[in-house]
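Descriptive structure summary
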Amino acid sequence: MNRFSFSVLLALAVAAAVGQAGLAHAEEPAIGFQRLSLPATDRHRALEVALWYPAETVGETTPVGDNPVFVGTAVRVGAPPQPGRHGLVVLSHGYGGNWTNQQWLAADLVAQGYVVAAPNHPGSTSRDMAPPGAVMLWKRPGDISRVIDWLNGEPRWSGLLVAGQAAVVGHSLGGWTAVALAGGRFEPSRLKAACDAHPLMAACGREIGVLGGDGRPSQAWATLPPAAHTWGDGRIKAVVTLDLGLSQGFDPESLSRSEAAFLVVGAGAGNPKMPVELESRHLAGGLPSDRTRYVEIGDAGHFSFLGVCKPDAIPRLEAERPGDGVICQDRDGRSREAIHRQVSALVVGFLTSTMPPR
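Just so you know, these numbers come straight off a predicted model, no measurement behind them. (Residues numbered from 1 in each chain as written. Predicted model: local features only at pLDDT ≥ 70, side-chain atom pairs only at ≥ 80, totals over all residues. Heavy atoms only, no water.)

**Topic: the overall build of the protein**
The test is simple: Secondary structure is summarised from DSSP: a helix means a run of H or I of at least four residues, a strand means a run of E of at least two, and numbering begins at the N terminus for each. Radius of gyration here is computed from C-alpha atoms only, and the compact-globule reference equals 2.2 Å multiplied by the residue count raised to the power 0.38. By the convention used here, residues are in contact when the closest approach between their heavy atoms is within 4.5 Å. What sets the accessible areas is the Shrake-Rupley method with a 1.4 Å probe; for residues, cover comes only from the shown protein chains. His is not counted, nor are the chain ends; Lys and Arg add positive charge and Asp and Glu add negative charge. Charged side chains are reduced to one point each, which is NZ for Lys, CZ for Arg, CG for Asp and CD for Glu.
The number of helices and strands found in the protein is 11 helices and 12 strands. Taken against the 2.2 N^0.38 rule, which gives 21 Å for 358 residues, the C-alpha radius of gyration of the protein at 19 Å falls within 12% of a compact globule. The dimensions of the protein, computed from C-alpha atoms along their principal axes, are 55 × 45 × 40 Å. A fraction of 78% describes how many contacts in the protein between residues 6 or more apart in sequence connect residues 24 or more apart. Roughly 13600 Å² of accessible area belongs to the protein as shown, and the carbon and sulfur atoms make up 52% of that amount. Looking at charge distribution, the protein has the averaged site of its 31 positive side-chain charges lying 4 Å from that of its 33 negative ones.

What follows is the structure in structure tokens.
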């Protein structure tokens, strides 16, 4: 899953708030932006959430998410939202990522009329990486449901949303999160069986927190009651996965019963850590065929779904920690910007046909 070194991630997260140059989507007008802090409740943990929305053309644009590695996006911080009802899309980042990772897609969705939210998932986000075995991935779907609850219950935002429905777009571990919300039942024993046969998969790593050092389901997962392995949210009408992981752990019957519509996007073949045939392609094969579209992008790598990297990003990353430059490397062929255009067109086309923005 998209995991880079903690030190690099921490530096990027701190720098991501506001930058100065090299912006993607700078031509996009009226993209409003807010940072939200959702307090902890008896059922949910505290969350930091980014929110993009169609806005009035008021005030100056400000670069957000721009840092020494990634290109940012021009937004209007705090601009008044456009009136009317808008479909809600929630983004779920991968392991070790953060809310900035797919803001290139958020900008395109807002341009179509959607409101887009993206929480940082505590324990598996760049500013908050829990120690191995303490990640508690099962809390991720609850984070998304909490964001939907909060936005629909907050007077400032509830009037802008089409009530009772949402879409989820997830990259890597975020894709797993999205499938769980659509009714996929996750069983660590199934993942263990897959890891016994394919131990190089990133999903098998102890740091993910599903399997322990002995290769068996971790103690945290083993002590969860059976009912806690299901996190479906009936408001989820559409799901997009971008090169997801851990799909081998889903119960096939639960996938076949899901009522959501799915767009499953896989990166090209040949990555032993994220084998598309065992992850995205495997998932698509188990979903209802009449509501599922599968697209494999041959020249995309696992990190092609992150933001556009600056020209000197790879040497910067390699100087900090050799090997981290991989997050800015794509397969031979098109640029990351071109891959993003293809993915954005796929996602926008899918969502507008299954859950219109207005």
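**Details of the state of the cysteines**
For clarity, the cut-off: The criterion for a disulfide is a pair of cysteine sulfur atoms lying within 2.5 Å. A simple rule labels every residue: compare its accessible area, found with a 1.4 Å probe on the protein chains alone, to the largest value its type can have, and call it buried under 20%, exposed over 50%, or partly exposed in between.
Inspection of every chain in the model, using the stated rule, returns 2 disulfides. Here Cys309 is linked by a disulfide to Cys328, with a sulfur-sulfur distance of 2.1 Å. Judged by the sign of its S-S torsion, about -85 degrees, the bond between Cys309 and Cys328 is left-handed. Residue Cys309 is located in the loop between β12 (292-297) and α10 (313-320), and its partner Cys328 is located in the loop between α10 and α11 (336-354); the two are separated by 19 residues in the primary sequence. Each of the two residues, Cys309 as well as Cys328, counts as buried. Within the protein, bonded cysteines paired by disulfides and numbered along the sequence follow the pattern 1-2, 3-4.

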